[in-house]
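Each chain, letter by letter, is given below.
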Amino acid sequence: MGKKKEAVKLGSLNEVLDNYNKYNEFSRRRILVVDDEEFCISSMRAVLYSQGINIEFQVDFCITGKEALEQVKKTYENGMKYSVIMTDFSMPVMDGIEATAKIRSYLKSKNVREQPSIIGVTGHVQESFQQKGIKAGMDKIYGKPLYAESMKEILSEYYINK
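Not measured: the values here are computed from a predicted model.

**Student:** Is there a simple way to explain the overall build of the protein in this structure?
**Tutor:** Counting its secondary structure elements, the protein contains seven helices and five strands. For the protein, the residues scored as buried account for 41% of the 162 residues in total. Across the protein, the fraction of contacts at a sequence separation of at least 24, relative to all contacts at a separation of at least 6, is 68%. Of the roughly 9600 Å² that the protein leaves accessible, carbon and sulfur atoms contribute 54%.

Have a look at this one:
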């Protein structure tokens, strides 16, 4: 009888350890998606899911640059971090370019050495817009819509192999 209780305790302990390890993995490899259009959020959700990303545990969604900045602050203050931030350029309250500059500035002020990759995702594919994004601190710019092949490239370069 005592052996059964011991087995249950070990099983429970193993479950706790598994969940702890999963949490640690999720906290190290998070993604933030910032877009003010519900259709774009839904599309990004579907494309990320199609690439094997656990939407519930690994991805946060914001609809303005200001909200994204606050989310980044909260995430880093709680001991977690983002590997990738994907942001639209044109949003109300604070656009993606301003948000990128402020996120970079905030993380620098906190001495965060391992900065997230910030990917601009926009309908503005003109060179002048891309240069503004790069100048603000974006690592790369992709045009909308973002298809599975582009997402696979982003995840491979900035998420999986980071």
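Picking up after the structure, the text goes on.
**Student:** Can you help me understand the packing of helix α4 (residues 65-77) against helix α5 (residues 96-109) in this one?
**Tutor:** The description of two packed helices rests on the angle between their axes and on the distance between the axes. Contact geometry of α4 with α5 gives a least axis separation of 9 Å together with a crossing angle of 20°. By the criterion of interaxial angle, the relationship of α4 to α5 is roughly parallel. When the axes of α4 and α5 are compared, the crossing they make is right-handed. Only Ala 99, Lys 102, Ile 103, Tyr 106 and Leu 107 of α5 make contact with α4, whose side of the interface consists of Gly 65, Leu 69, Val 72, Lys 73, Tyr 76 and Glu 77. Residue classes in the contact of α4 with α5 are distributed as seven nonpolar, one polar and three charged.

**Student:** Looking at this structure, I do not really get the packing of α5 against helix α6 (residues 127-136). What am I missing?
**Tutor:** One way to put it is that α5 packs onto α6 with a least axis distance of 8 Å and a crossing angle of 15°. Between α5 and α6, the interaxial angle falls into the category roughly parallel. Our pair here, α5 against α6, has a crossing hand that is right-handed. On α6, the residues that touch Ile 97, Thr 100, Ala 101 and Arg 104 of α5 are Lys 132, Gly 133 and Ala 136. Across the contact of α5 with α6, the residue classes break down as three nonpolar, two polar and two charged.

**Student:** Explanation requested: the pairing of strand β4 (residues 117-122) in the structure shown.
**Tutor:** Where a strand is regular, its side chains alternate between the two sheet faces. In terms of burial, β4 is largely enclosed, as six of its six residues are buried. Side-chain alternation along β4 places Ser 117, Ile 119 and Val 121 on one buried face and Ile 118, Gly 120 and Thr 122 on a second face that is also buried. Between the parallel elements strand β3 (residues 82-87) and β4, the chain passes through α5 in a crossover that is right-handed. In terms of strand pairing, β4 meets strand β5 (residues 140-143) through four bridges, oriented parallel. Paired with Thr 122 across the two strands is Gly 143, which belongs to β5.

**Student:** I would appreciate a short explanation of the side chain of Asp 60 in the present structure.
**Tutor:** Its place among the elements puts Asp 60 in strand β2 (residues 59-62). The exposure class assigned to Asp 60 is buried, which follows from its relative accessible area of 16%. Among the polar contacts listed, one links the side chain of Asp 60 to the side chain of Tyr 82, at a separation of 2.5 Å. Once you skip the residues sitting within four places of it in the chain, Asp 60 turns out to touch Arg 30, Ile 31, Leu 32, Val 33, Gln 71, Thr 75 and Tyr 82.

**Student:** Please explain the packing of aromatic side chains as it appears in this structure.
**Tutor:** The way to describe two aromatic rings as a pair is by their centre distance and the angle between their planes. Throughout the structure, instances matching the rule amount to zero aromatic pairs. Cation over ring: Arg 45 sits above Phe 61, and NZ or CZ is 4.3 Å from the ring centre. Over the ring of Phe 129 we find Lys 132, and its NZ or CZ is 5.4 Å from the ring centre.

What counts as what
Residues numbered from 1 in each chain as written. Predicted model: local features only at pLDDT ≥ 70, side-chain atom pairs only at ≥ 80, totals over all residues. Heavy atoms only, no water. Helix = DSSP H or I, 4+ residues; strand = E, 2+ residues; numbered from the N terminus. Buried < 20%, exposed > 50% of the residue type's maximum accessible area, 1.4 Å probe, protein only. Contact = heavy atoms within 4.5 Å. Areas by Shrake-Rupley, 256 points an atom, 1.4 Å probe, with all protein chains shown as cover. Axes fitted to C-alpha atoms, helices over the stretch in contact; angles between N-to-C directions. Parallel < 35°, antiparallel > 145°, perpendicular 65-115°, else oblique. Left-handed = near helix turned anticlockwise from the far one by under 90°. Nonpolar A, V, L, I, M, F, W, Y, C, P; charged D, E, K, R; others polar. Right-handed = clockwise from strand over helix to strand, strands pointing away. Pairing = 2+ DSSP bridges. Polar contact = N/O pair within 3.5 Å; in protein donor to acceptor, adjacent residues only side chain to side chain. Phe/Tyr/Trp six-rings, centres within 6.5 Å; stacked < 30°, edge-to-face > 60°. Lys NZ or Arg CZ within 6 Å of the ring centre and 35° of its normal.

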